[in-house]
Structures are given as C-alpha cells and as structure tokens.
Amino acid sequence: MTIAILVIVWSLALAMVMRGRLKGAPIDAGAMADPMVVEEPEPFHCASETDAAPPHANGRRRAEPTQSDCEDWQSGNISSSTSYRQSHISPGYAEYYEKTYAEGYYAIQWEQVEKPLVRTILAGLAQRGAAHSLDFACGTGRILQLHGEVFDDVVGTDISAEMLAVARLRCPEARIVEADLTTTGVSGHVAGRQVCTAFRFFLNAEPALRADVLEVLRRCLVEGGHLVANFHCNPASPAGTFYRIRNRLSGRTINNLMSIGEAEALLRTHGFTIQAVHRYGLWPRFGWRFNRMNELLLTPAETLGRQAPVLMRFAQSFIIVARRD
Ligand SMILES: C[S@@+](CC[C@H](N)C(=O)[O-])C[C@H]1O[C@@H](n2cnc3c(N)ncnc32)[C@H](O)[C@@H]1O
C-alpha cells in the first residue's frame, strides 16, 4: 500500500510539473542521442539466480497487455536450473511478443522514444564507417529492422524459430540465422562485425549466459567495433524501486534489476570500454488499468526529462554503447 501511495504521489508530482508542457510530439532523436553524464548510481545487487519464466498465458487478466516491465522471466514457476534460452520458445510466443509492441504503452514508448534513439545511435556508427552488423537475439526483428536502414551487411541471430519467422518477414534484406552462438561459436557470416546489438537480453539472462554471450559477441566484433546493449529495469526508477522492495519483501527475485554501474562493470569485465550511456523511459507503466494515463503522459514525461536531465536518473531503461578493446 505504501509503495502504491509513493508511486501515485510521484506520478502526480510529475504530472503537475508537466502541466503546460504537454506537447505529445515525438522526442527529438538528436537530443536524445546526446549521452548523459553518468553519475554512478548506488550499487544494487543483481539477481544472481535465474528467475522462472511464466508461460505467456500466465493467468493475467483479460485486458492486461502482454509483458511486464522486466518482462517475461519471472514469477517462479519453472526450475531455477532452466536457462533464459528457453524463455521464448513456447508455441505462440512470437505472436504474444508482437502484441506487446502493437498498441498501448510499449508501442508508444517504442515508436516515440526508443526507436528514434536507436536509429540515431546506429546512424552515428554507420557515419563513422560501420557497414557489417549483427543483432544478437534479434527475436521478431524489432531492432534488426533499424540495422537494415543504415548498414549494408546485416545478420540477425536467435534460437527461437517462431520469433525468427516474424523477423524474416519484417527484415527480408537481412541474413537471419537460427543459432545459439554461445554453442556454435563464431564463424561465417557472424564474424568480422563492426556493430553488435543486444536488446532486452542481458537483464533477464542468467549470469553464466550473460558471460558466454559477451564473450562470443566480443569475438564477433572487430577490434574497435561497438556493442550497443539495452537494459530495461534500472533499480533507481519508480518501477525498479517497486520491484526491488517487492523482491525483498517476498524473499525471492520476482523481477530482475540492473543498475548502470552494474551493467558497465559487466561489459568492462568482458573487454569493453564504455563510450556512452543513454537513459530513457521516464514514465513508468502503472499497469493496464491506467493505460490511458500511461499513453498520455509517456511522451511529455520524456520531453521533460530531456529538458531537466537530472530527472533521467529515474528513467527505467538505458542503452550502453561500448567499444571492444
Ligand atoms: C526479449 S526477446 C528480445 C528480442 C529482441 N532483441 C527485441 O528487443 O525485441 C529475447 C530473445 O532472446 C532469445 N534468446 C535467448 N537465448 C538466446 C541465445 N542463447 N542465443 C540467441 N538468442 C537467444 C530469445 O529466443 C528471444 O527471442
């Protein structure tokens, strides 16, 4: 109850600050791509264990949209020995995943905030000469399609045939490979990449898989190549704070969290140098009952965050651009 009150107070305060600033325009991508000055957030220990993944029909109520903020790898109904590799392979998952970005909060966040930001980052790398890219764990091709706009030679890999079937339709120009690079290793088309992306992956992958993937991506990249990775549950955000407290009260990890400091340390451990951090996603998704409010306030909140960057400390997601040493 206390948490709910805190979250509501936070949202009301933000809404009041934004009165008169409601514009609803897409975020200026150039402004967004200016890396924030990163102050080290307070350390927060990452989930050391694999969370359990719910099946996609996991008892959510009828109108509730798809995945939660820290999404699909939670709520304790499979064994802790199961890997994140199994997270998206159940029949029907691709359709379920697509719905997440079809309408509502996630669709608006994707179209208005995340897509322009990723576009700008990738275009910047292309301008600096990158032409060969890889989208690791490309899923249904959400990020992969943006590679196709700026790079000449684009590869997407994933282990879910169903997710890749959608990616093939969305990105006909890309080379799509069904493979787990952590077991196949680096050969053929995935070698010699100048840019690798990995979105919505590291937060929920178990530590051993994170390490294996970072090692293999380092080997896919040429020296001086760039890794662009997103992390979508910053513990300093309102949702992150809620999840952190809920995890503690329940005595188990229901939602994974990763701070900027932790993500940077992870990448450094595997031979990357951090070049930029882009924070985004200031407005939290309060749940499906508040869809309308979420949809109305998401973009203005982001605009406000660009004008008052200190607020972006509370943004839920961030993208790290790191150079392979
Ligand atoms: C949350 S989805 C993200 C999809 C896409 N990157 C995006 O942002 O929309 C995570 C993806 O990771 C894939 N995956 C999990 N383990 C993998 C592995 N070892 N190799 C390749 N893909 C993997 C899953 O099949 C799933 O498609």
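We now turn to the structure provided with this report. The written sequence of each chain sets the order in which its residues are numbered from 1. Restriction of local features to residues with pLDDT of at least 70 applies here, the model being predicted, together with a cutoff of 80 or more for giving and counting side-chain atom pairs; totals for whole chains, interfaces and linings are based on all residues. As a rule here, side-chain values come from all non-hydrogen atoms in the structure, and water together with hydrogens is ignored.

## Comments concerning the site of the ligand
Line of reasoning, step 1. Every one of the 20 residues lining the ligand counts as a neighbour, but Tyr97, Ala137, Arg142, Asp158 and Phe199 are closest to it.
Line of reasoning, step 2. Definition of a polar contact: a pair of N or O atoms within 3.5 Å, with one able to donate and the other able to accept a hydrogen when the atoms are protein atoms, and with sequence-neighbouring residues admitted only if both atoms are side-chain atoms. Between an oxygen atom of the ligand and a side-chain N or O atom of Arg142, the distance comes to 2.8 Å.
Line of reasoning, step 3. For the ligand, a nitrogen atom lies 3.0 Å from a polar atom in the backbone of Phe199.
Line of reasoning, step 4. Note on areas: Shrake-Rupley with a 1.4 Å probe; residue coverage comes only from the protein chains shown. Coverage of the ligand by the protein chains reaches 100% of its 600 Å² of free accessible surface.
Line of reasoning, step 5. Buriedness of a pocket was judged along seven lines, with at least five required to meet protein on both sides within 12 Å; pockets are open sets of points on a 1 Å grid over the protein atoms alone, cavities are sets where a 1.4 Å probe fits but cannot get out, and lining residues have an atom within 4 Å of a point. A molecule is counted as occupying a cavity or pocket when more than half of its atoms fall within 2 Å of that pocket's grid points. More than half of the atoms belonging to the ligand lie within 2 Å of the grid points that define the largest cavity.
Line of reasoning, step 6. Note on residue classes: Ala, Val, Leu, Ile, Met, Phe, Trp, Tyr, Cys and Pro are nonpolar, Asp, Glu, Lys and Arg are charged, and everything else, Gly too, is polar. Of the residues contributing to the shell around the ligand, the split by class is 11 nonpolar, three polar and six charged. Residues are classed as near a molecule or strand on a simple rule: at least one heavy atom within 4 Å of it.

## Things to note about the side chain of Glu262
Line of reasoning, step 1. Helical segments are the DSSP runs of H or I of at least four residues, strand segments are the runs of E of at least two, and each set is numbered from the N terminus. Tracing the chain through its elements places Glu262 in helix α10 (residues 260-269).
Line of reasoning, step 2. Polar side-chain contacts of Glu262 include one of 2.8 Å to the backbone nitrogen of Ser259.

## Overview of the packing of aromatic side chains
Line of reasoning, step 1. Here a pair means two rings of Phe, Tyr or Trp (six-membered ring of Trp) with centres within 6.5 Å. Their orientation is stacked below 30 degrees between planes, edge-to-face above 60, and tilted elsewhere. Enumeration over the complete set of coordinates arrives at 11 aromatic pairs.
Line of reasoning, step 2. Ring geometry for Tyr105 against Tyr106: centres 5.3 Å apart, planes inclined by 85°, an arrangement best described as edge-to-face. Of the two residues, Tyr105 and Tyr106, neither departs from the other in class, the shared state being buried.
Line of reasoning, step 3. The structure contains a cluster of three or more aromatic residues connected by ring pairs, namely Tyr84, Phe136, Phe201, Phe202, Phe231 and Phe318. Each residue is assigned to one of three classes by its accessible area relative to the maximum for its type, calculated with a 1.4 Å probe on protein chains only: buried under 20%, partly exposed between the two thresholds, exposed over 50%.

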